[in-house]
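Structure at a glance
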Amino acid sequence: MKRWRQTRLGTRLALALGAVSLVVFGIVGTVLVVSTRGYLERQFDSQIAKVETDQVNYLNKPKTPVAWYAAIFTLEGGRATSRPDSPAPPGDLRQLARVAENSGGRDNYFETVFLHGDGLYRARACAIPARPNQVMVTAAPLEDLNDTVRWLVIILASTFGAALVVLVVAGRLVLRKGLRPLSDMATTAHDITAHDLTDSSRLPVRAKGAGGGPEVEELRTSFNVMLDHIDQSLAARTAAEQRLRRFIADASHELRTPLTSIRGYSELFRYAAANEPQEREAHLAKIREETERMSVLVDDLLLLARLDSETPLRLEQTNLVEVASAAAQAFIAAHPAYPLEFTGPSRVIVQADPMRLRQVLDNLLTNIARHTPSGTSVTVTVSPDAVITVTDSGPGIPPEHQARIFDRFYRIDDSRSRHIGGTGLGLSIVHSIISAHGGTVNLSSQPGRTSFILTLPQTATLSENGHQETRSTATRKHD
């Protein structure tokens, strides 16, 4: 059974087809032989009856074919005795007498008997009208009939056997051709196993070809769809692993810088411990500064990790205009050299975490203050459909950097960013928080105008002034 299961599918189907054909051929051959023998026996019985009728009518001149036997018996008390004037008594007379006894004087009684030395005979008994209690028994050999049936069996067996061999061989070839698309898909699967998918981002193979019927075509399509899904999963996995590796490398690099500074200032502090107090205080201030920078970096990393693993948001009904207005006012107070214009309706209600939204706006505005020159005008707009637009008139972001501007630790100018205290995580935090709210962040930048467009899902309509916008302008210039 195990060996049968290990046989190829085409071979098993061909052998199964041969087994079914063998059964069918056996049934057809048996029916044909049985029906043919029955027909020949009926014809033979008719011939014996005709010959025996002629013998009964012409007892004085009986005529029997060669190798036929005929005998007349007298029935007395159920016993048959041969008459001396029997036309042609056979050698095994007792068998014919038994036929006469079994007939009981009836006409047209047939029986197959075996005569010693002669073989099988077909015997017929009939009463003689002119002679009461007398029965004539005629026996004809069955050798010719048996030879005919035997020859028919040989012909049928040879023909069916040859047909069976041709059917199995041709069926195997046809099935092999029909199953070739499945073999091609199996080859494709083996090609996939031959590839190293450890660091691969795509599967270079697909099930090709055509034919095989709608079922095979459906299987081929499903197989390729599965490979496309695996391909996308591998690409996503590879991209995630690359991002993770880059994130770990960047985080390690960012943490190493303040740690190195702290170690250096600690060494300086130790050597300066016996010197002037002002020198020691300067070293301690530097250590505190680097420690605070490292704390900010760790907090940002922790926030990003939480946003990746879960949604650390405290959602509530929030007036988006109030959050944006508060962020704008805080920016005006902290950066008076940047004129800011705020525009928005009276209320835009969203389901959001107001603290995180404030963090998003603070990051965007702080980013403007860090990377644009003094005097750059800033515009914050809140639309009734919960879209916040933060625009500045700075130099803009070069096109080659716009695609990666939201990547973690990505900086357009590493040295300048570190000098001004940036970690490269501000825009990543913006993107992660807005995505956690179910919104989107888009960038539009060109020289003289850069806009960050934040879209949040709106959960309530405006109240009070409806869609009527209120406009407030706050402009302060650095004297």
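Residues numbered from 1 in each chain as written. Predicted model: local features only at pLDDT ≥ 70, side-chain atom pairs only at ≥ 80, totals over all residues. Heavy atoms only, no water.

1. A closer look at the packing of helix α9 (residues 354-371) against helix α12 (residues 426-436)
Axis separation between α9 and α12 bottoms out at 9 Å; the angle between their running directions is 150°. In terms of orientation, α9 lies roughly antiparallel with respect to α12. For α9 against α12, the interelement crossing comes out left-handed. Residue-level contacts link R356, L357, Q359, V360, N363, L364 and N367 of α9 to G426, L427, I429, V430, I433 and I434 of α12. (Axes fitted to C-alpha atoms, helices over the stretch in contact; angles between N-to-C directions. Helix = DSSP H or I, 4+ residues; strand = E, 2+ residues; numbered from the N terminus. Parallel < 35°, antiparallel > 145°, perpendicular 65-115°, else oblique. Left-handed = near helix turned anticlockwise from the far one by under 90°. Contact = heavy atoms within 4.5 Å.)

2. A word on the sheet that holds strand β1 (residues 69-76)
As a general point, the strands of a sheet are linked pairwise by backbone hydrogen bonds and lie either parallel or antiparallel. Taken in spatial order, the 5 strands line up as β2-β1-β5-β4-β3 in an open sheet, and their pairing is antiparallel. Each edge of the sheet is formed by a strand with only one pairing partner; in this case those strands are β2 (79-82) and β3 (109-115). Averaged over all adjacent pairs, the angle separating strand axes in this sheet is 35°, with direction ignored. Relative to β2, β1 is paired through 4 bridges, and the arrangement is antiparallel. When the bridges of β2 are listed, L75 appears paired with A80. Sheet contacts for helix α3 (residues 93-103): β1, β2, β3, β4 (119-127) and β5 (134-141); angle to β3, the most-contacted strand, approximately 160°. (Pairing = 2+ DSSP bridges.)

3. Let's talk about the packing of helix α8 (residues 320-334) against α9
Two numbers describe how α8 lies on α9: the axes approach to 9 Å, and their chain directions differ by 35°. Seen from above, α8 lies across α9 with right-handed handedness. In contact with L320, V323, A324, A326, A327, A328, A330 and F331 of α8, α9 contributes P354, L357, R358, L361, D362, L365 and A369. Of the residues in the contact of α8 with α9, the class split is 13 nonpolar, no polar and 2 charged. (Nonpolar A, V, L, I, M, F, W, Y, C, P; charged D, E, K, R; others polar.)

4. Regarding the environment of Q95
Within the fold, Q95 resides in helix α3. In this structure the C-alpha to C-alpha distance between Q95 and L115, which are 20 residues apart in sequence, comes to 6.9 Å. With residues near it in sequence (within four places) discarded, Q95 still touches V113, F114 and L115.

5. So, the side chain of R124
Mapped onto the secondary structure, R124 falls in strand β4. Using a relative accessible area of 7% as the deciding quantity, one classes R124 as buried. Within the local environment of R124, its side chain forms a polar contact with the side chain of N108, the two groups lying 3.0 Å apart. In this structure, R124 is in contact with I48, A49, E52, N108, Y109, F110, M136, V137 and T138, ignoring residues within four places of it in sequence. (Buried < 20%, exposed > 50% of the residue type's maximum accessible area, 1.4 Å probe, protein only. Polar contact = N/O pair within 3.5 Å; in protein donor to acceptor, adjacent residues only side chain to side chain.)

6. With respect to the packing of aromatic side chains
How two aromatic rings sit relative to each other is given by the distance of their centres and the angle of their planes. By the definition in use, this model includes 4 aromatic pairs. Judged by centre distance (6.2 Å) and plane angle (70°), the rings of F44 and W68 are edge-to-face. Of this pair, F44 sits in helix α2 (residues 9-57) while W68 sits in the loop between α2 and β1, placing them 24 residues apart in sequence. Here F44 falls in the buried class, since its relative accessible area comes to 13%. A relative accessible area of 9% means that W68 is categorised as buried. Measuring from ring centre to ring centre gives 6.0 Å for F331 and Y338, while their planes differ by 55°; the resulting arrangement is tilted. On the basis of relative accessibility, which here comes to 3%, the residue F331 falls in the buried class. (Phe/Tyr/Trp six-rings, centres within 6.5 Å; stacked < 30°, edge-to-face > 60°.)

7. Re the nonpolar core
Counting residues in hydrophobic clusters, the biggest one holds 41 residues, and the most contacted among them are L320, L340, L365 and L454. Among the elements of the structure, α8, β7 (340-345), β8 (349-352), α9, β9 (378-383), β10 (387-392), α12 and β12 (449-455) are those that each provide at least two residues to this core. In terms of residue count, α8 provides more of this core than any other element does, 8 residues in total. Not counting residues within four places of it along the chain, the set of residues in contact with L320 comprises V348, V350, L357, V382, A386, I388 and L456. A71, A80, A97 and A139 belong to the second-largest nonpolar core, a separate cluster that totals 18 residues. (Core = buried A, V, L, I, M, F, W, Y, C linked by side-chain atoms within 4.5 Å.)

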